[in-house]
Amino acid sequence: MAVKNNRNQVKHLKSGGSYSSEELRFLRLDDGTTVVHSADGDIRRPVCAAIDVHKEILMAAVCKTDTETLKATFYVRKFTTMNSDIRSMALWLKEYGVQDVCMESTGKYWIPVFNIPEQNSIKPILTHPKYVKQAKGQKTDFRDAVHMASMFRMDLVVSSYIPPADIRDLRELCRYRLKLTYMRTSEKNRFQNSMTISKVRLDSVFSDPFGKSASAIMEYLISTEPDEVSDDEILRLIYRRGNMKASDEDILDSIHGYEFIGVQRDKLQIISLHLSQIEECIGLIDRKLEYYRQKYTGIIRHLTTMVGITPASALYILGEIGTDMSVWRDDASLACRAGLSPANNASAGKKKSTRIGNGGHYLKPLLVQCALAAVKNTKKDPYFRRKYETLKKRRGHKKAIIAIARKMLVAIYHMIRDDADFLPVDHREIIQNTKTTKGLNLKMSSLS
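Residue indices follow the written sequence of each chain, beginning from 1 at its first position. Note on the predicted model: pLDDT of at least 70 is required for a residue's local features to be given, and 80 or more for side-chain atom pairs to be given and counted; whole-chain, interface and lining totals, by contrast, use all residues. No hydrogens and no water enter the side-chain calculation; it runs on all heavy atoms of the structure.

**So, helix α14 (residues 397–418)**
Point 1. Helix numbers and strand numbers start at the N terminus; a helix is a DSSP run of H or I with at least 4 residues, a strand a run of E with at least 2. By definition here, a helix of n residues has an expected span of 1.5 Å times n minus one. Taking 1.5 Å of rise per residue, 22 residues should cover 32 Å, and α14 covers 31 Å from first to last C-alpha, within 8% of that figure.
Point 2. Where α14 is concerned, the buried positions are Ala400, Ile401, Ile404, Ala405, Met408, Leu409, Val410, Ala411, Ile412, Tyr413, Met415 and Ile416.
Point 3. Looking one or two residues past α14, Asp419 carries a phi angle of roughly 55°, positive in sign. Buried residues are those whose accessible area, probed at 1.4 Å on protein chains only, stays under 20% of the maximum for their type, while exposed residues exceed 50% and partly exposed ones sit between those limits.

**Considering the confidence of the model for the chain**
Point 1. Every residue is assigned a pLDDT by the predictor, reflecting its confidence on a scale from 0 to 100. Counting all residues, the mean pLDDT for the chain is 84, and 88% of those residues have values of 70 or more.
Point 2. Residue contacts are counted whenever heavy atoms from the two residues lie within 4.5 Å of one another. Here residues 1–24 is modelled with pLDDT under 50, and outside its nearest four sequence neighbours on either side it reaches 53 contacts, counting other chains as well.

**Thoughts on the pattern of salt bridges**
Point 1. Only one rule defines a salt bridge in this text: a Lys or Arg side-chain nitrogen within 4 Å of an Asp or Glu carboxyl oxygen. According to the stated counting rule, one finds 16 salt bridges in the structure shown.
Point 2. For Arg184, the salt bridge is made with Glu279, and the minimal N-O distance between the two is 3.1 Å. Taken together, the residues Arg184 in helix α4 (residues 165–197) and Glu279 in helix α8 (residues 264–295) connect sequence positions 95 residues apart.
Point 3. The class for Glu279 is partly exposed, based on a relative accessible area of 38%.
Point 4. Connected through shared salt-bridge partners, Arg44, Arg45 and Asp155 make up one network.

**Comments concerning the sheet that holds strand β8 (residues 123–127)**
The pairing of strands in a sheet comes from backbone hydrogen bonds and takes either a parallel or an antiparallel form.
Point 1. Any two strands are treated as partners once DSSP identifies two or more bridges connecting them. An order of β6-β5-β4-β7-β8 is seen for the 5 strands of this open sheet, with the pairing classed as mixed. Each end of this open sheet is capped by a strand with a single partner; those strands are β6 (72–80) and β8. In this sheet, adjacent strand axes meet at a mean angle of 20° when their direction is disregarded.
Point 2. Both strand β4 (residues 47–53) and strand β7 (residues 100–104) contribute to a ladder of 3 bridges, which runs parallel. The residue of β7 that forms the bridge with Ile51 is Met103.
Point 3. To obtain each axis, a line is fitted to C-alpha atoms, and for helices this fit is confined to the stretch in contact; angles are then taken between N-to-C directions over 0 to 180 degrees. Sitting on the sheet, helix α1 (residues 83–95) is in contact with β4, β5 (57–65), β6 and β7, with an inclination near 165° to β6.
Point 4. Packed onto the sheet, helix α2 (residues 110–119) meets β4, β5, β7 and β8 and runs at close to 175° relative to β7.

**With respect to the pairing of β8**
Point 1. Burial within β8 is extensive, with 4 of its 5 residues counted as buried.
Point 2. Handedness is read with the strands pointing away from the viewer; a crossover is right-handed when the path from the first strand over the helix to the second is clockwise. Assessed by its sense of winding, the connection that carries the chain from β7 through α2 to β8 is right-handed.

**Topic: the pairing of β5**
Point 1. In terms of burial, β5 is a largely internal element, 7 of the 9 residues being buried.
Point 2. Judged from the 7 bridges that link them, β4 and β5 form a sheet pairing that is antiparallel. The partner of Val47 across the bridge, within β5, is Lys64.
Point 3. Hairpin remark: β4 followed by β5, antiparallel, with 3 residues in the connecting loop.
Point 4. In the sheet, β5 pairs with β6 via 9 bridges, with the strands oriented antiparallel. Along β6, the bridge assignment pairs Ile57 with Thr80.
Point 5. The antiparallel pairing of β5 with β6 creates a hairpin that spans 6 residues between the two strands, and Leu70 there sits at a positive phi of about 60°.

**A closer look at the environment of Met82**
Point 1. In this structure, Met82 sits in the loop between β6 and α1.
Point 2. When the C-alpha positions of Met82 and Ile57 are compared, they lie 8.8 Å apart, and in sequence the two are 25 residues distant.

**Section: the nonpolar core**
Point 1. Definition used in this section: a nonpolar core is a set of buried Ala, Val, Leu, Ile, Met, Phe, Trp, Tyr and Cys residues joined via side-chain atoms within 4.5 Å. Counting residues in hydrophobic clusters, the biggest one holds 55 residues, and the most contacted among them are Leu303, Met306, Ile309, Phe384, Met408 and Ile412.
Point 2. Those elements that provide at least two residues to this core are α4, α8, α9 (297–303), α10 (311–321), α11 (331–337), α12 (363–376), α13 (383–395) and α14.
Point 3. A per-element tally of this core places α14 first, with 11 residues.
Point 4. Every residue in contact with Ile309, bar those within four places of it in the chain, is listed here: Leu303, Thr304, Ala314, Ile317, Cys370, Met408 and Ile412.
Point 5. In terms of nonpolar packing, the next biggest core, distinct from the first, is built from 22 residues, Val200, Tyr220, Ile234 and Ile251 among them.

**Comments concerning α10**
Point 1. Most of α10 sits out of view: 9 of its 11 residues are buried.
Point 2. Those residues of α10 that sit buried are Ser313, Ala314, Leu315, Tyr316, Ile317, Leu318, Gly319, Glu320 and Ile321.
Point 3. Residues of α10 that are buried in the fold lie against α4, α8, α9, α11, α12 and α14.
Point 4. Just past α10, the residue Gly322 takes up positive phi, approximately 80°.

**Topic: unusual backbone geometry**
Most peptide bonds adopt trans geometry, and most residues besides glycine take a negative phi value.
Point 1. Positive phi, normally seen in glycine, also occurs at Asp155, with a value near 60°.
Point 2. Of note, the phi angle at Lys199 is positive, near 65°, even though the residue is not glycine.
Point 3. On the basis of relative accessibility, which here comes to 41%, the residue Lys199 falls in the partly exposed class.

Structure (structure tokens):
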């Protein structure tokens, strides 16, 4: 059975990290058999290590491979999670010549184990436990460490993306600020519920029940006894603006007859205090983020040339994907990391559900919000609006928005990589609606 030597038969495949980060070469035989060869052999790391991370103990295994027999020898040792013992583990790994170490992402316990080897010139690689899971009935801490080291030396471990320390700090601040905004929204909902229970209907006459006028009125009602409340004082607290539609009578009608039942007054006071504290914390984080806005001002300026992207959202995106696009194989790999790519689920020649994954818990909602803002913009740049309308006719609103979010992320990848503004190749064609449609071929239709 001869192998075809035609150069056209030689192709390249991307393994996606499941087997090797290198391209694989394959040849097709005469009978249709595909022969796959790894680029550099199976053993990619002759000397490496793996760490099984727990709350109080660390099981470390060093794997050394004989260059002639390719037989592996494992050196396993237990450490504690105390800082001094982690540093001792890093020195122990360096004694064996280890430069790469793999570890599981166990809760938050992996973070100090990741940072200390990194500070000692050892490259740590993080992986999800499901990719290095031991066979059922064979699981012990000792075997887990050996199994992980054995897989790691052959590059069978799927690594997680861990950005540099500077981007990790930015990510921490952005995610914490996002959590605080969620808390603020929850407190506002509780405040508004108490207003409804207390028969205060300011939300019916003001577009923003937490605006300047409504907040001043509520503060006055909370701090004043019902018998001492004056209509003149309430009207004096109203901040007059040109677009205010509610009359004085409507505002007073929304307040007359109110009563704080039970502990509603105390609850409103506590919520007001908590809201002010949350606002103060968000202000502190914004001042911290100003350093990163100045540091990445060039990239932020490029990203904001895309409709739907604000300077704040651009900073959040940088905190999630970083500024070095070389860590991603291509734009499709980044979209997969964000949970915006359809899944591969086929069996017996039949394609099953291709729903997007659950990844990108922070990045995906942010990009969806940006996509929603982009498709609503019809004056500044209707590029994404036109694409959204085309997709919505065939696939519906939800799938169309996810597709727009993915297109935006792909554009962000190229903008950061190429240090360029947003200018897709089909921008003029889409904006001017000059896309030519294929007409009916009368000659071919008559032949059929």
